[in-house]
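Here is what each chain is made of, one letter per residue.
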Number of protein chains: 2
Amino acid sequence: MQYTNFDSTAAYRQMADYAARFGFDFKTALDAERVQQCQAPMAGGLCYSWAAKAVDSEAIKLLQALADEQELIAKYKALLDGEVINTGEKRKVLHQLLRGEQGQPVIEDGKNIGEFYRKELQRFCDFAGDVHAGKFKGSTGRPFSTVVQIGIGGSDLGPRALYLALENWAVAEGKKKLDAKFISNVDPDDASAIMTAAPLEQSLFVLVSKSGTTQETLANELFVKEKLKRAGLDSSKHMVAVTSETSPLARNPAYLDSFYIDDYIGGRYSSSSAVGGCILSLAFGPQVFKDFLSGAAEADKMALDMDILKNAALLDALIGVWERNFLNYPYTAVLPYSQALSRFPAHLQQLDMESNGKRVNRDGQPIAYNTGPVVFGEPGTNGQHSFYQLLHQGTSPVPLQFIGFTESQKGDDVTVDRSVSQTKLKANLVAQIVAFAKGQSDSNPNKDFPGGRPSSLIYGKQLTPAALGSLLAHFENKVMFQGFVWNVNSFDQEGVQLGKILTKKVLSGDSGDSALDAYSKLLGI
Amino acid sequence: MQYTNFDSTAAYRQMADYAARFGFDFKTALDAERVQQCQAPMAGGLCYSWAAKAVDSEAIKLLQALADEQELIAKYKALLDGEVINTGEKRKVLHQLLRGEQGQPVIEDGKNIGEFYRKELQRFCDFAGDVHAGKFKGSTGRPFSTVVQIGIGGSDLGPRALYLALENWAVAEGKKKLDAKFISNVDPDDASAIMTAAPLEQSLFVLVSKSGTTQETLANELFVKEKLKRAGLDSSKHMVAVTSETSPLARNPAYLDSFYIDDYIGGRYSSSSAVGGCILSLAFGPQVFKDFLSGAAEADKMALDMDILKNAALLDALIGVWERNFLNYPYTAVLPYSQALSRFPAHLQQLDMESNGKRVNRDGQPIAYNTGPVVFGEPGTNGQHSFYQLLHQGTSPVPLQFIGFTESQKGDDVTVDRSVSQTKLKANLVAQIVAFAKGQSDSNPNKDFPGGRPSSLIYGKQLTPAALGSLLAHFENKVMFQGFVWNVNSFDQEGVQLGKILTKKVLSGDSGDSALDAYSKLLGI
C-alpha cells in the first residue's frame, strides 16, 4: 500500500484538468430524475442525497479513480486491522472497534483490544443499570436524578451533542432515566452555574480525561469536590472516572468506579467509548446506547464498499475534496433541520477541523495543497433567519450539508394554515435546497439569486439512536477518507500544544516573552 | 456626500498596491511596547487591542485615508440624523436612537421617533416593574416565575445571547427576577420541550414579530396557546406582544399588552428595543436593561470620532476590510473567553453575515469585490480543545477576535496548582494570542507553528450590563462601517425571500418544480 501526497497522484492532475474546463450546470440538471438517482444508502435507515452537488458523471468517474488510486478502502481496512495509522503519535486508531469488529481481531502484547472494549462497554452498562436499580445512591442515601459530565473537547462536544440529540426522543419513548448536564470550560462561571442548578445530593459526576492530566478538567473536578464537601456530601460516592488504565484517575478510591479507554481512541472519536457511553447509558439506559452503537457499526461496514456510489461516507468525502481543492471553497456549513441536532455542528466542527486542519503530511512533511475546510452551522429554520443571507447572496459560495427527518421525535405538533410544524420544517428544508441550487433571476439585482450553490442532504424517517449512530459514524468516516486523500494524519493534534506550553509559562510567572507579559498585564494576571 | 463603490476609490488602489508589497512582520514586531501602544478605548470600560493584527503604521495611514475618502463618519451621522440609509427598503436605520440621541431629532410626519422609542422603553420597563410587584399574575392567580420569548432570527439570537451573558452576573448581584426561556425553531420538538419544562401557570410569554406574520413564530404561538388552553389557562393573561403598530398583533385583546417597534429597527439590530428589552427587563429588572443601553449609547458616541486610532469600532471595521479584501481571508472567528458569551458568536454571525453578505451595492448594482466574511466561533477554552488545531496549523489562516475579562461574573472560584480558574482562563487567552502571532519553529514540521495568524482582543474588568451594551454596539457599528466601505446596504436581507416563496409553494401542494416535488417526496411531504 502506498501513502502518496494528493498532488502527486494521477487523479489530482486529471481532476485539476477537468476543473479547469468544468462547465456542468447543475442548476439546469437538477430535476426529479436526478434527485431520484443521486442517492446512496446509509445505515440506520438514512440516505445520502447528492443531487444538488456540482458533480457530473465525469466528475464521479474521476472521484472513483481517486478513491482507487489512493487506496482509500485498503487504508480503511488497514486501520480496522490495527495498523499504526496515527503516525505522529505512533498509535493505532480503533474507535470503530468500539462498536463492531469489521476487520481482523486486534491483538497487542497478547491482549485482544476488541475484547477489552467490549468488557468496558459491559461494565459501564452494568453500572448504569445498577444506578437505575438504586444499587448506588448519593452519600445521603437519595437516588441519583442527575448525571454531570466533567470534560472538555472530545469529552464534552460529542457526548453533549448526542445527549441533546436523543433527549426528546427518550422522553417520548419513556426511556429517560436521568437528567444530564455538562461542565467543560475552565471559566469558573460555567462550573458555578451548573453546580448551582444541579441537585447535589442526587447528582452523579462523570469525570472524563484520558490522560488524567487535562488542566481544565482537573480544575473543575476540584471545584465540584469543594462544593460537594461544603454540602456535606462524600464525593467518592458521587463520582466515577472515565480514563486510561495508566492515568492517575484509574483504580483510585476517590471514585465509585473507573471505566477505561486507551490511546487508540482519540478524544474527538471517543463518543462511542465510555466517554460518551457512560453518560448516555446513565441518561437513557444501556440499550439506547447499544442501539446507537449498532447504527454506527452498520455505517462502518457500509463504508467498506469500493464503489463510491454505494458508499455514502466515501462519496461525501470525495465530493468535499472536489469542492475544497478544485472548486476552491474554503468552508462548509452543516445545517440540520432538527433542533435536537443543535450542537451536532459544533461536534462536527471539532471532528473535521481538528482532524484535517493540517499542513504537513502523515510523515510530517509540508504539503502544498489545501486540507480541511472551516466547518460551521446552526439548525434550520433558525439559520434561515440568520446567516443564510450570505449563503444566498454573498460573494463567496459555501457548500452546504443539510440534514432532515420525516417525523419529529415527540410527535407533539400543531396544525396552522393546514400544515403541522414538522411539515413546515421540511418544506423549508426542501425549498432551501432548490433555492440554493437554482436561484432565481430578477431584473432588480438586489432580488436576484445567482443559484449554483451546492448542497447535499442526509435524510431519514426519524432521529433515533440507530440513526444518530449512523450519522456520527458517517462523518467520522468521511473525515478519515478525506485525511487519506490528503495524506495527512487525521488522528493527532499537535496544533494544540504550543498554547498549552505558553499557558504554563504564564501561570509560572516567568513567560520569557515581553508581549506575553504585556498581555498578561492588560488582563490583570 | 458621495456613495462610491469600494474599488472606485483612490484608497482601494493604494491599499492594493501596498498589499502587493506588504512585508510587515508582526511576529517580530509584537513586543511589550506594541501591546501597550496599539489600543483604542471602548465604552463600558472595555478596550480594543490590535497589537497582534497584521497592520503597520503605513497600513494605518491608508485605512485612515479610506475612512476619510469614503466619508464613513459623515455617513454614520447621516444615519443618525434619519437619512434613508436602507436604500432597498427605503427606510431609515434607527437602532442607535433606541439608546441615545447622538444626532438631530428624527421627526417624520410630525412624529418625533426618538420620543416614541423612549415612550415604549418606559412602557415595557413599567410593565416589568408591575410584573415584579405582582400586579400581573397568571390566570390562576400565581405569580410569574418564568418568561418565555417566542421569536426567531433577530427576535431570538440577540436577546438569547444577552440573557445568557448576564444571567450569572444577575444571580451574583441578586438581580435575577425571572427565569427566561426561548422558543424559536418551527421544529415542533423545540416548542414541545420548552413547554414541558416551563411551569405554565407561572409563565409569561413574549411573542415577538415585527410584521406579525413570521411563519415560524405564529406556528409556535398557536402551539403555546393550545398547551395553555389544555392546562386550563387563559392565554390572554399569559402573553404580551412585541410588534409594529400596524401589525395584526397590535392592540389585540389576545395579549396582556403590546410594545412597539417600527420599520427602522432591523431584526438583527433589535436587541436594544422591546425585542430584547422586554425579556431582559422582566428577567433582570428595568435598571439592568437601562445600564446595558447606556453602555451601548456611549459606544455609539465614541464611534463618531474621525480619528481611527480613537474609534475602536471604526478601526476594527477597517482592519477587517484590510484582511478581507487585501489579505484575502474569507472568514473570521469570534472567541470569547467567557462562558457567559456562549451564544454571542451566533448573534454576531447573524449580525455580520446577514448585514454584509451582499453581492450588490446600495443601489442594487453588482459589485466586483468581496464583502462580508463567514463568521463563526465558540467560547475559549472549549474551542482550544476543538477547532484551534486548524487555526494553528491549517492551510488557510483565519483572523481571530478574542474577548476576555479580568474578573469572572460570580467570583465563585477554586485554587488549583496555585492559581484560580479565572486566572487559568486568562492565561490561556493571552497564551493563544501570542502562540497564533509568533508561532514556534521546530525541526519536526508536525510540531512547527508558522505563526503570523492575526488576532485582536477586546478586554475589560468584568462582563457587566454596560460592558455588554458596549460590546454589542461595537460590533453593530463595526458592521455598519464595513457596509459603508463596501457601499452595500447592510440593513436589508433580500436573500431570505426566495426560500420563503418556495416554502409556500411546497406547502400549497403546487410547487411547479419537479426537483422540489422529488425532494418533498423524499421527506414524506
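What counts and how
Throughout, residues of each chain are indexed from 1 in the direction in which the sequence is written. Each chain is given a letter, starting from A, and each ligand a number, starting from 1, according to the order in which they appear as written. The model is predicted, so local features are restricted to residues of pLDDT at least 70 and side-chain atom pairs to those at 80 or more, both for listing and for counting; the totals for chains, interfaces and linings are taken over all residues. Only DSSP runs of H or I reaching four residues or more are called helices, and only runs of E reaching two or more are called strands; each is numbered from the N terminus. In this description the radius of gyration comes from C-alpha coordinates, and the expected globular size is given by 2.2 Å times residues to the power 0.38. Residues are called buried when their C-beta atom has 20 or more other C-beta atoms within 10 Å, exposed when it has 12 or fewer, and partly exposed otherwise; all C-beta atoms are positioned from the backbone. We call two residues in contact when their backbone-placed C-beta atoms lie within 7 Å. Pairing between two strands requires that DSSP report at least two bridges joining them. Helix axes are fitted to C-alpha atoms over the stretch in contact, other axes to C-alpha atoms as well, and angles between N-to-C directions run from 0 to 180 degrees. Nonpolar cores are identified as sets of buried Ala, Val, Leu, Ile, Met, Phe, Trp, Tyr and Cys residues joined via C-beta atoms within 7 Å. Classification convention: Asp, Glu, Lys, Arg as charged; Ala, Val, Leu, Ile, Met, Phe, Trp, Tyr, Cys, Pro as nonpolar; all other residues, Gly among them, as polar. Roughly parallel means an angle under 35 degrees; roughly antiparallel means over 145; roughly perpendicular covers 65 to 115; every other angle is labelled oblique. Two helices cross in a left-handed way if the nearer one is turned anticlockwise from the farther one by less than a right angle. They cross in a right-handed way if the turn is clockwise. Only residues with pLDDT of at least 70 in both copies contribute their C-alpha atoms to the least-squares superposition of the copies. The pLDDT score gives, residue by residue, the confidence of the prediction method on a 0 to 100 scale. Think of the arc as the fan of directions from the helix axis to the C-beta atoms. Boundary definitions for the domains trace back to an automatic or database domain assignment.

Caption draft 1: Seen up close, the overall build of chain A. Tallying secondary structure elements over chain A gives 18 helices and 15 strands in all. Relative to its length of 525 residues, chain A is compact, with a C-alpha radius of gyration of 24 Å against a globular reference of 24 Å. Each principal axis of the C-alpha distribution contributes one length, and for chain A these read about 70 × 60 × 55 Å. A total of 525 residues make up chain A; the buried ones form 64% of that total. Within chain A, counting contacts between residues at least 6 apart in sequence, those at least 24 apart form 75% of the total.

Caption draft 2: Structural context of the sheet that holds strand 6 (residues 179-183) of chain A. All names here are of chain A. Across the sheet, five strands lie side by side as 6-5-7-8-9; this open sheet has parallel pairing. Edge positions in the open sheet fall to strand 6 and strand 9 (258-261), since each of these has one partner strand only. Pairs of neighbouring strands in the sheet enclose a mean axial angle of 20°, with direction left out of account.

Caption draft 3: Seen up close, the nonpolar core. Core analysis: the largest hydrophobic core is formed by 356 residues, its most contacted members being Leu-318 of chain A together with Leu-318 and Val-430 of chain B. Here Val-430 of chain B is in contact with Val-506, Leu-516, Tyr-519, Ser-520, Leu-523 and Ile-525 of chain A, once residues within four sequence places are set aside.

Caption draft 4: Region of the structure containing the interface of chain A and chain B. Tallying the contact residues gives 121 residues for chain A and 121 residues for chain B. For the side of chain A that touches chain B, the leading source of residues is helix 15 (residues 421-438) of chain A, giving 15 residues. Looking at the side of chain A that touches chain B residue by residue, the class counts come to 52 nonpolar, 50 polar and 19 charged.

Caption draft 5: Summary view of the packing of helix 6 (residues 113-132) of chain A against helix 10 (residues 274-284) of chain A. Residue and element names in this part refer to chain A. Across the interface, helix 6 lies against helix 10 with an axial gap of 9 Å and an inter-helix angle of 25°. Accordingly, the angle class assigned to the pair helix 6 and helix 10 is roughly parallel. Here the hand of the crossing between helix 6 and helix 10 comes out right-handed. Only Ala-274, Gly-277, Cys-278, Ser-281 and Leu-282 of helix 10 make contact with helix 6, whose side of the interface consists of Glu-120, Leu-121, Phe-124, Cys-125, Ala-128 and Val-131. When the residues that make up the contact of helix 6 with helix 10 are grouped by side-chain class, the tally is eight nonpolar, two polar and one charged.

Caption draft 6: Highlighting the environment of Val-414 of chain B. Along the chain, Val-414 of chain B turns up in the loop between strand 12 (400-405) and strand 13 (415-416). With 20 C-beta atoms packed within 10 Å, Val-414 of chain B lands in the buried category. Beyond its immediate sequence surroundings of up to four residues, Val-414 of chain B is in contact with Pro-188, Ala-219, Leu-222, Phe-223 and Glu-226 of chain A together with Val-420 and Ser-421 of chain B.

Caption draft 7: Layout of the relation of the copies chain A and chain B. Under the fitted operation, chain A is carried onto chain B by 0.0 Å of movement along the axis and a turn of 180°, and the coordinates agree to an RMSD of 0.0 Å. Interpreted geometrically, this transformation is the action of a two-fold axis. The position closest to the rotation axis in chain A is occupied by the C-alpha of Phe-376 of chain A, lying 3.2 Å away. When the interface residues of chain A are mapped onto chain B, 100% of them again lie at the interface, so the same face is used by both copies.

Caption draft 8: Up close: unusual backbone geometry. All names here are of chain A. With an omega of 5°, the peptide bond running from Gly-380 to Thr-381 counts as cis. Positioned with a positive phi, Asp-109 is a non-glycine residue whose angle comes to about 50°. Mapped onto the fold, Asp-109 is located in the loop between strand 3 (107-108) and strand 4 (111-112).

Caption draft 9: Here's a closer look at the environment of Ser-211 of chain B. Residue and element names in this part refer to chain B. Checked against the element boundaries, Ser-211 lands in the loop between strand 7 (203-208) and helix 9 (215-230). Note on Ser-211: 14 C-beta atoms within 10 Å, which makes it partly exposed. For the pair formed by Ser-211 and Tyr-163, sequence separation is 48 residues and the distance between their alpha carbons is 24 Å. Sequence-distant contacts of Ser-211, that is, excluding residues within four places in its chain, are made with Ser-244 and Ser-247.

Caption draft 10: Up close: the confidence of the model for chain A. On average, residues of chain A score 97 in pLDDT, and 100% of them reach the 70 mark or higher. Scored as a complex, the prediction yields pTM 0.98 and ipTM 0.97.

Caption draft 11: Main features of the pairing of strand 12 (residues 400-405) of chain A. All names here are of chain A. Strand 12 sits mainly inside the fold: six of its six residues count as buried. Because side chains alternate across strand 12, one face comprises the buried residues Leu-400, Phe-402 and Gly-404, and the other comprises Gln-401, Ile-403 and Phe-405, equally buried. Where strand 10 (residues 331-336) meets strand 12, four bridges bridge the pair, whose relative direction is parallel. The residue of strand 12 that forms the bridge with Leu-335 is Phe-402. Looking at chain direction, strand 12 and strand 15 (residues 455-460) are connected through six bridges and run parallel. Bridge pairing in strand 15 places Ile-403 opposite Ile-458.

Caption draft 12: How the structure looks around helix 1 (residues 10-20) of chain B. All names here are of chain B. All of the buried residues along helix 1 are Ala-11, Tyr-12 and Met-15. Angular distribution of buried residues about the axis of helix 1 spans 100°; they occupy a single face of the element. Along helix 1, the residues that are exposed and aim more than 90 degrees away from the buried face are Ala-10, Arg-13, Ala-16, Asp-17 and Ala-20. Summarising the contacts, the buried residues of helix 1 are in contact with helix 4 (57-69) and helix 12 (312-326).

Caption draft 13: Representation of the domain arrangement of chain A in the model. Segmentation of chain A into domains returns domain 1 (6-78 + 298-459), domain 2 (97-291) and domain 3 (495-525). Distance from the C-alpha centre of domain 2 of chain A to the C-alpha centre of domain 3 of chain A: 32 Å.

Caption draft 14: A look at the sheet that holds strand 2 (residues 47-49) of chain B. All names here are of chain B. Read from one edge to the other, the open sheet built from six strands follows the order 1-2-15-12-10-11, with strand pairing classed as mixed. Each having just a single partner strand, strand 1 (39-41) and strand 11 (374-376) make up the two edges of the open sheet. For this sheet the average axis-to-axis angle between neighbouring strands, irrespective of direction, equals 20°. The strands that helix 15 (residues 421-438) touches are strand 12 and strand 15 (455-460); relative to strand 12, the one it contacts most, it runs at about 155°.

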